[in-house]
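Chain by chain, the residues run as shown.
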Amino acid sequence: MHMLIYALVEASTHDNALAIGKTVFDRLVGADPHSSTVFDYYVCFDEENTKVAGKARWGDLPTAAPIGTDNGQDLLDQGWEATKEEFERNLERVKESIGELSDEEIMRDENLARHAFHQVGAYDGPSVFLYTQHASGIRHREQLDRLLEESEDLWIVPADVHF
């Protein structure tokens, strides 16, 4: 499956932001020897050759945008909304499972209960849409707000990932 994720990186120029963003995505696909594989592959929006990912799938998104611009704010809003919606969807499934299933049924993972538990607690992967420049998932609003407050040159870099 494909999804959009976003890296929030400190950079002084567009090209620098894109390069740092690609380093984040490299870590998330296991291209860095000190990282684990979270996604199968990624495509940034500067790539023209693909027919199934990036622009071909999502349209013409900025390759990188300063957070203080309309494009940057739009990408940030999309990433945060996706994060909230996925968390709420999984949390609702957890609450339903606890209320409706026996311990044995949860252990057997009926209704994908244990999968939902895992997704609620995930630090990266398909339930996390925003990442720091260190490839750490941004999991709650206070973490995002702190990052936004601490950086003066923050850019957002989108990528289409497959998992």
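About the thresholds
Residues numbered from 1 in each chain as written. Predicted model: local features only at pLDDT ≥ 70, side-chain atom pairs only at ≥ 80, totals over all residues. Heavy atoms only, no water. Axes fitted to C-alpha atoms, helices over the stretch in contact; angles between N-to-C directions. Helix = DSSP H or I, 4+ residues; strand = E, 2+ residues; numbered from the N terminus. Parallel < 35°, antiparallel > 145°, perpendicular 65-115°, else oblique. Left-handed = near helix turned anticlockwise from the far one by under 90°. Contact = heavy atoms within 4.5 Å. Buried < 20%, exposed > 50% of the residue type's maximum accessible area, 1.4 Å probe, protein only. Pairing = 2+ DSSP bridges. Salt bridge = Lys/Arg side-chain N within 4 Å of Asp/Glu carboxyl O. Arc of directions from axis to C-beta. Core = buried A, V, L, I, M, F, W, Y, C linked by side-chain atoms within 4.5 Å.

Peer 1: If you had to explain the packing of helix α3 (residues 70-100) against helix α5 (residues 113-121) to someone new, which residues and values would you point to?
Peer 2: Between α3 and α5, whose axes approach to 8 Å, the crossing angle comes to 135 degrees. As far as their axial angle goes, α5 and α3 are oblique. Considering only the axes of α3 and α5, their crossing is left-handed. In contact with Phe-87, Asn-90, Leu-91, Arg-93, Val-94, Ser-97 and Ile-98 of α3, α5 contributes Ala-113, His-115, Ala-116, Phe-117, Gln-119 and Val-120.

Peer 1: Give me the lowdown on the pairing of strand β1 (residues 2-10), citing residues and values where you can.
Peer 2: Most of β1 sits out of view: eight of its nine residues are buried. With nine bridges connecting them, β1 and strand β5 (residues 154-162) associate as antiparallel partners. Residue pairing in the sheet places Leu-4 in a bridge with Asp-160 of β5. For β1 and strand β4 (residues 130-131), the ladder comprises two bridges, and the chain directions are parallel. Residue pairing in the sheet places Ala-7 in a bridge with Tyr-131 of β4.

Peer 1: Requested: an account of the pattern of salt bridges, with residues and values cited.
Peer 2: Enumeration over the complete set of coordinates arrives at seven salt bridges. Between Asp-46 and Lys-22 there is a salt bridge, with its nearest N and O atoms 2.8 Å apart. Within this pair, whereas Asp-46 is found in the loop between β2 (41-44) and α2 (55-58), its partner Lys-22 is found in helix α1 (residues 14-28), the two being separated by 24 residues in sequence. By relative accessible area, Asp-46 is classed as partly exposed at 30%. In this structure, Arg-141 and Asp-145 form a salt bridge, with 2.8 Å as the shortest nitrogen-oxygen distance. Linking Arg-141 with Asp-145, this pair stays in helix α6 (residues 141-150), spanning four residues, or about one helical turn.

Peer 1: Describe α5, and please don't skip the residues or the numbers.
Peer 2: For α5, every residue scored as buried is listed here: Ala-113, Ala-116 and Gln-119. An end-on view of α5 places all buried positions within 120 degrees of arc, on one side of the element. Residues of α5 that are buried make contact with α3 and α4 (103-107).

Peer 1: Residue-level account of the environment of Val-24, with values.
Peer 2: Here Val-24 is to be found in helix α1. Its relative accessible area of 1% is what places Val-24 among the buried residues. Those residues in contact with Val-24 that lie beyond four places of it in its chain are Ala-7, Val-9, Tyr-131, Thr-132, Gln-133 and Ala-135.

Peer 1: Which residues make up the side chain of Thr-63, and what values do they have?
Peer 2: Tracing the chain through its elements places Thr-63 in the loop between α2 and β3 (65-66). Assessed through its relative accessible area of 17%, Thr-63 is described here as buried.

Peer 1: I'd love a proper account of the nonpolar core, names of residues and values included.
Peer 2: The tendency in soluble globular proteins is for nonpolar side chains to be buried side by side. Grouped together as the largest cluster of nonpolar side chains are 24 residues, with contacts concentrated most on Ile-5, Val-24, Phe-25, Leu-28 and Phe-39. Counting residues per element, the ones that place at least two in this core are β1, α1, β2 and β5. Discounting residues that sit within four places of it in the chain, Ile-5 has contacts with Phe-25, Leu-28, Phe-39, Val-128, Phe-129, Tyr-131, Val-157, Pro-158, Ala-159 and Val-161. Counting residues in hydrophobic clusters, the runner-up holds 16 residues, among them Leu-61, Trp-80, Leu-130 and Ile-138.

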